[in-house]
Amino acid sequence: MLHSSREEFFNAYWAALDGRNWPHVVLHSWQDLPERIDSDVDYAVAGVSAGELLRFLAAFCRARNWRLVQIIEHEPGAYYCLCMQVKGPFAWLALDVTWDYGRCGHVLVRSEFLVSDRRRVAGKSFAVPSVGGEFCYLLAKAAAKGKDFSQIRGRLAELLAEDLDGCCRAVEKALRCAIPAGCGDAKHLTAVGGWFAQAPCFRAVRGGRRWGAATVGLGLRRILQPTGFWLALSTADRSNQECEDIIRTLTPVFRRIHQRDRVALWDLPEVLTRLIRTTLVVEQRQRNELKGRLQWPMPGLAIDVDDACGPLVEVLECLATRVDRRIAGRWKILT
């Protein structure tokens, strides 16, 4: 079976999307990719449904001896997908896909706009937005996350210098706002910063969460389909270092790690809360204690690992199977 490195996996993925005529764009911080991948890769797609794309990604991983081991729907129609090798060195890649960029229930920039006029950069296997498209996305993301204008000023200056008119037109088209005229030099870029702080197109997202059917549905899916995992390790079969290696390798898959000696019946409410919050709950016991431990009644949320060989592969396969079941059965996870 083909065993792809992270860079090979990364490059092949975009080529595969192109082969299916699914337009995509890597949204930001793309200049050093794939040689340097410091965090998740944010991208937008169009022309494909969420279910279809995620089924494809799961199959794409398996064909390269990787597995899709985590999907976190962090906004309606936005999925954080963690892909990992199932043999050493257990490299991983986080692909964060959106159809319409938004936050707190507010849609800010449509994918159709982001992929329109997309461009190719020499030496890159992926497409990126137009200069104006990236400009709009950076403004929207900064507003949505409460960033100060100074955090994006440098890149915005580069984009304005590259295509001033295109950036102005893009803001009017995508955000339905008008930035100050003549914003190509440092003086006017400061004026853009003042506009950004008060821009009417960002008032809604800065004002708080928008509660609607999609947002409520997302909250229910998080409760009914927890993205955390309960892992019981036998400490009799492995050293503390081996346990730490297992936990460290699984760390990118979850938002938090919680280690404890044993889980009793009265601990279940706390454990469930942690599972809903995408926590890896690690319960360490002796082998004979594992046989009598509590089993979580919902499938795909708990596993005992008392085998001294291949525990990581066992856990990764269990996580991948859970993802496959949720995509196939949909369980209302996808809208």
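Scroll up for the structure.
Residues numbered from 1 in each chain as written. Predicted model: local features only at pLDDT ≥ 70, side-chain atom pairs only at ≥ 80, totals over all residues. Heavy atoms only, no water.

1. A few points about the side chain of His28
The line we're drawing: Under the scheme used here, helices are H or I runs from DSSP no shorter than 4 residues and strands are E runs no shorter than 2 residues, and both carry numbers assigned from the N terminus. Categorising residues by exposure relies on relative accessible area from a 1.4 Å probe, with only protein chains included: less than 20% of the type maximum marks a residue as buried, more than 50% marks it as exposed, and the intermediate range marks it as partly exposed. In protein, a polar contact requires one atom able to donate a hydrogen and another able to accept it; more generally it is a pair of N or O atoms within 3.5 Å, and residues adjacent in sequence count only if both atoms are side-chain atoms.
Looking at where His28 falls in the secondary structure, it is placed in the loop between strand 1 (24-26) and strand 2 (41-45). Overall, His28 belongs to the buried group, its relative accessible area being 17%. A distance of 2.7 Å separates a polar atom in the side chain of His28 from a polar atom in the side chain of Asp42. Polar side-chain contacts of His28 include one of 3.0 Å to the side chain of Lys141.

2. Points about helix 6 (residues 164-175)
This is how the line gets drawn: In this scheme, a helix's expected span is set at 1.5 Å multiplied by one less than its residue total.
The end-to-end C-alpha distance of helix 6 is 16 Å, a good match for the 16 Å that 12 residues give at a rise of 1.5 Å each. By the burial criterion, the buried members of helix 6 are Gly166, Cys167, Cys168, Ala170, Val171, Ala174 and Leu175. Backbone geometry just downstream of helix 6 places Arg176 in the positive-phi region, at approximately 55°.

3. Considerations on the sheet that holds strand 4 (residues 78-85)
Note the cut-off: The pairing criterion is simple: DSSP has to find at least two bridges between the two strands. Helix axes use the C-alpha atoms of the stretch in contact, all axes being lines fitted to C-alpha atoms, and the angles between their N-to-C directions lie in the range 0 to 180 degrees.
Strand order in this open sheet of five strands is 1-2-5-4-3, and the pairing throughout is mixed. Only two strands of the sheet have a single neighbouring strand rather than two, namely strand 1 and strand 3 (66-75). Each strand of the sheet is rotated relative to its neighbour by a mean of 25°, with strand direction disregarded. Sheet topology note: the strand 3/strand 4 ladder contains eight bridges and is antiparallel. Within strand 4, the residue paired with Glu75 across the bridge is Ala78.

4. As for the pairing of strand 7 (residues 106-110)
Taken together, the four bridges between strand 6 (residues 100-103) and strand 7 define a ladder with antiparallel strand orientation. By the bridge assignment, Tyr101 is partnered in strand 7 with Val109.

5. Points about the pairing of strand 4
With eight of eight residues buried, strand 4 is to be regarded as a mostly interior element. Burial of the side chains of strand 4 extends over both faces: Ala78, Tyr80, Leu82 and Met84 are buried on one face and Tyr79, Cys81, Cys83 and Gln85 on the other. A loop of two residues connects strand 3 with strand 4, the two strands running antiparallel in sequence, and Gly77 in this loop sits at a positive phi of about 80°. Where strand 4 folds back on strand 5 (residues 92-98), the antiparallel hairpin that results is connected by six residues, among which Phe90 adopts a positive phi of roughly 55°.

6. Comments concerning the packing of helix 10 (residues 240-250) against helix 13 (residues 311-329)
The condition is simple: Orientation is classified from the angle alone, with under 35 degrees giving roughly parallel, over 145 giving roughly antiparallel, 65 to 115 giving roughly perpendicular, and any other angle giving oblique. The hand of a helix crossing depends on one turn: near helix anticlockwise from the far one by less than a right angle means left-handed, and clockwise means right-handed. We call two residues contacting when some pair of their heavy atoms lies within 4.5 Å. Each residue is assigned to one of three groups, with Ala, Val, Leu, Ile, Met, Phe, Trp, Tyr, Cys and Pro labelled nonpolar, Asp, Glu, Lys and Arg labelled charged, and all others, Gly among them, labelled polar.
The interhelical angle for the contact between helix 10 and helix 13, taken along N-to-C directions, is 30°, at an axis separation of 10 Å. Classified by the interaxial angle, the pair formed by helix 10 and helix 13 is roughly parallel. Crossing hand, helix 10 versus helix 13: right-handed. Together, Ile246, Thr249 and Leu250 of helix 10 and Pro311, Leu312, Val315 and Leu316 of helix 13 make up the contact between the two elements. Looking at the contact of helix 10 with helix 13 residue by residue, the classes come out as six nonpolar, one polar and no charged.

7. Comments concerning the layout of surface pockets
Put simply, the test is: Buried and open spaces are told apart on a 1 Å grid over the protein atoms alone, a cavity being a set of points where a 1.4 Å probe fits but cannot get out and a pocket being an open set with protein on both sides within 12 Å along at least five of seven lines. Residues with an atom within 4 Å of a point are the lining residues. Grid points are joined across faces, edges and corners, and a volume is the space filled by probe spheres set on the points.
Considered as a void within the structure, the largest pocket measures approximately 700 Å³ in volume. Taken together, 32 residues line the largest pocket, and the ones lying closest to its centre are Asp40, Asp42, Asp96, Lys141 and Lys145. Contributing elements (two or more residues each) for the lining of the largest pocket: strand 2, strand 3, strand 4, strand 5, strand 6 and helix 4 (131-144). Considered class by class, the residues forming the lining of the largest pocket number 13 nonpolar, seven polar and 12 charged. Taken together, 18 residues line the second largest pocket, and the ones lying closest to its centre are Pro76, Asp100, Gly105, Val107 and Ala214. Among the secondary structure elements, those contributing two or more residues to the lining of the second largest pocket are strand 6, strand 7 and helix 9 (213-224). Its residues assigned to classes, the lining of the second largest pocket comprises six nonpolar, seven polar and five charged.

8. Description of the packing of aromatic side chains
Any pair of aromatic rings gets described here by the distance separating the centres and the angle formed by the planes. Put simply, the rule is: For Phe, Tyr and Trp, where Trp contributes only its six-membered ring, two rings pair if their centres lie within 6.5 Å, and the inter-plane angle classes them as stacked under 30 degrees, edge-to-face over 60, or tilted in between.
Under the defined criterion, the tally for this structure stands at 17 aromatic pairs. Ring plane angle 25° and centroid distance 6.2 Å describe the contact between Tyr13 and Phe56, whose orientation is recorded as stacked. Residue Tyr13 is found in helix 1 (residues 6-19), and its partner Phe56 is found in helix 2 (residues 50-63); the two are separated by 43 residues along the sequence. The pair formed by Tyr13 and Phe56 is uniform in burial state, with each residue classed as buried.

9. Considerations on the environment of Leu68
Position of Leu68 among the secondary structure elements: in strand 3. C-alpha of Leu68 to C-alpha of Leu57: the two residues are 11 residues apart in sequence and 7.3 Å apart in space.

10. Looking at a negative patch on the surface
The criterion, for reference: Residues qualify for a patch when their relative accessible area is over 30% and they have no salt bridge, like charges being joined within 9 Å and the nonpolar side chains of Val, Leu, Ile, Met, Phe, Trp and Tyr within 5 Å. Only the protein chains shown count as covering a residue, and every accessible area follows the Shrake-Rupley method with a 1.4 Å probe. The term salt bridge refers to a pairing of a side-chain nitrogen on Lys or Arg with a carboxyl oxygen on Asp or Glu at a separation within 4 Å. Neither His nor the chain ends is counted toward charge; the positive residues are Lys and Arg and the negative residues Asp and Glu. By convention, charge coordinates are those of NZ in Lys, CZ in Arg, CG in Asp, or CD in Glu.
A cluster of acidic residues, Glu7, Glu8, Asp32 and Glu35, forms a negative patch on the protein surface. Of note, Glu7 is situated in helix 1.

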